[in-house]
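# Breakdown of the fold
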Amino acid sequence: MAGAVLLLPNLKPYLSIVHSKTAWDNGKSADTQNQVDFQFSGQSISVYARKVLGKELKKLYYPVAFTGKVAKAIEDAGHEVYATDLSPYWVSHLKGLGLRADMRSFEDIPSERFDAVLSFEPYPVTKNVVGYLGMLRILSTLTPYIQILSRPHCGIINPKWSHLTTPEPLEIREDRRYKNGTVGESHRAYPKLPDDMMRQAYDYGARFNWHIVYFDEHHFFDFKSVVPAPRSVRRSSLDLMLLEKQDDWASGPSVSIRMLAHSFAKSPEEIAASLLRLLEISRRYQLQNDTLYYCGGNAAKEDPSVIRKIKIVD
Ligand SMILES: C[S@@+](CC[C@H](N)C(=O)[O-])C[C@H]1O[C@@H](n2cnc3c(N)ncnc32)[C@H](O)[C@@H]1O
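This section reports on the structure supplied with the text. Here the residue numbers are simple positions, counted from 1 along each chain's written sequence. It should be noted that, the model being predicted, local features are given only for residues of pLDDT at least 70 and side-chain atom pairs only at 80 or more, the latter also being counted only at that level, while totals for whole chains, interfaces and linings use all residues. Side-chain numbers here rest on the full set of heavy atoms in the structure, without hydrogens or water.

As summarised here, the arrangement of the 8 strands in space is β4-β3-β2-β5-β6-β11-β10-β7, forming an open sheet in which the pairing is mixed. Both edges of this open sheet fall to β4 (100-103) and β7 (171-172), since each of them pairs with a single strand only. Here 8 bridges tie strand β10 (residues 207-215) to strand β11 (residues 219-227), and the two strands are oriented antiparallel to one another. Its bridge partner lying in β11, Y214 is registered against F221. Contacts between helix α2 (residues 44-53) and the sheet are confined to β2 (59-62), β5 (116-120), β6 (145-152), β10 and β11, with β10 contributing the most and set at about 140° to the helix. Whether two strands pair comes down to DSSP finding at least two bridges between them. Secondary structure elements follow DSSP: runs of H or I of four or more residues count as helices, runs of E of two or more count as strands, with numbering from the N terminus. Residue contacts are defined here by distance: any two heavy atoms, one from each residue, within 4.5 Å place the two residues in contact. Only the contacting stretch of a helix is used when fitting its axis, a line to C-alpha atoms as for every element, and angles between N-to-C directions run 0 to 180 degrees.

Below is the structure:
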């Protein structure tokens, strides 16, 4: 890999754009949680945790909480919830619901221990480096992450799922394999989009689950989770350290693998593997096209210093 050019998301200027531009600062934005008829079953969390994760979840960290309808339902079902959002407007609303709440961006995962991190449709972060960074921090602390998604069904329900009317039953999500144009056997679904933060967790070696848990009068509820494993912890911790400490090693025109290995007390093989993963990540987020997206646009257009270029030497 000597001679390769590594493009890195320069975290300070990138996150300063994200933090100043992506909060939803008033109550007017309409979305799933503030539809009048939207409801969520807080009990579904313990059913899911018991059956899929094999443990009870008492203390939950809940970022990107928005109106807090889901967070409050989970707390009312007997869990301890710490809810955060980037928006001061929604944080004060969350506190008004009686939740422990603070202003934090998704990637700013607290160091306090939680049984799991959980969020509902955190779309502002799922397909950009904010989500990737948060995911590295979640993986590196060995904490499971659950992402809940809802989809309207408009009353048309696949008969296969007609028994899923309470939070108790679970159905694993499957994809079909196609062979020569015909549908063949099924396999467990996995996150397909290369820029999805769940896909990064899956490729770092975490276990991925995807279930349809229940439906109500209006929506299906899909639960996806990633459960870190020792290999995903090792990989994510090293990549996170290189990203967080990039001001120390990536501000010049080139970097030597051996020098990096020496300064971070790692083997050259471990550093090379980490740089290869970061090269792949930069391709997935298309940094080579001078793009570094956030929910709102291309940060590289607003400030070209958000992308760092550095040549890798032996
Ligand atoms: C969760 S999304 C809404 C999506 C979902 N469909 C729903 O109805 O809940 C909206 C929330 O994301 C918050 N948000 C945007 N960018 C964020 C970030 N980087 N970190 C944390 N919260 C963020 C906004 O302030 C807003 O409250």
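From this point, the narrative continues.
Lining the immediate environment of the ligand, one finds 20 residues, of which W24, Q33, D85, F106 and E121 sit closest. In protein, a polar contact means a hydrogen-donor-capable atom and an acceptor-capable atom, both N or O and within 3.5 Å, with residues adjacent in sequence counting only if both atoms are side-chain atoms; elsewhere, any N or O pair within 3.5 Å suffices. W24 places a main-chain nitrogen or oxygen 2.9 Å from an oxygen atom of the ligand. Split by residue class, the shell around the ligand holds 11 nonpolar, 5 polar and 4 charged. By convention in these notes, a residue is near a molecule or strand provided one of its non-hydrogen atoms lies within 4 Å of it. Gly counts as polar in this scheme, as do all residues outside two lists: the nonpolar Ala, Val, Leu, Ile, Met, Phe, Trp, Tyr, Cys and Pro, and the charged Asp, Glu, Lys and Arg.

In this section: the nonpolar core. Nonpolar cores are built from buried Ala, Val, Leu, Ile, Met, Phe, Trp, Tyr and Cys residues. Side-chain atoms within 4.5 Å join them into one set. Buried residues are those whose accessible area, probed at 1.4 Å on protein chains only, stays under 20% of the maximum for their type, while exposed residues exceed 50% and partly exposed ones sit between those limits. L6, Y14, W249 and L275 are the most contacted members of the largest nonpolar core, which totals 61 residues. The leading source of residues in this core is helix α5 (residues 129-140), at 8 residues. Residues Y48, L53, Y62 and L99 belong to the second largest nonpolar core, which totals 31 residues.

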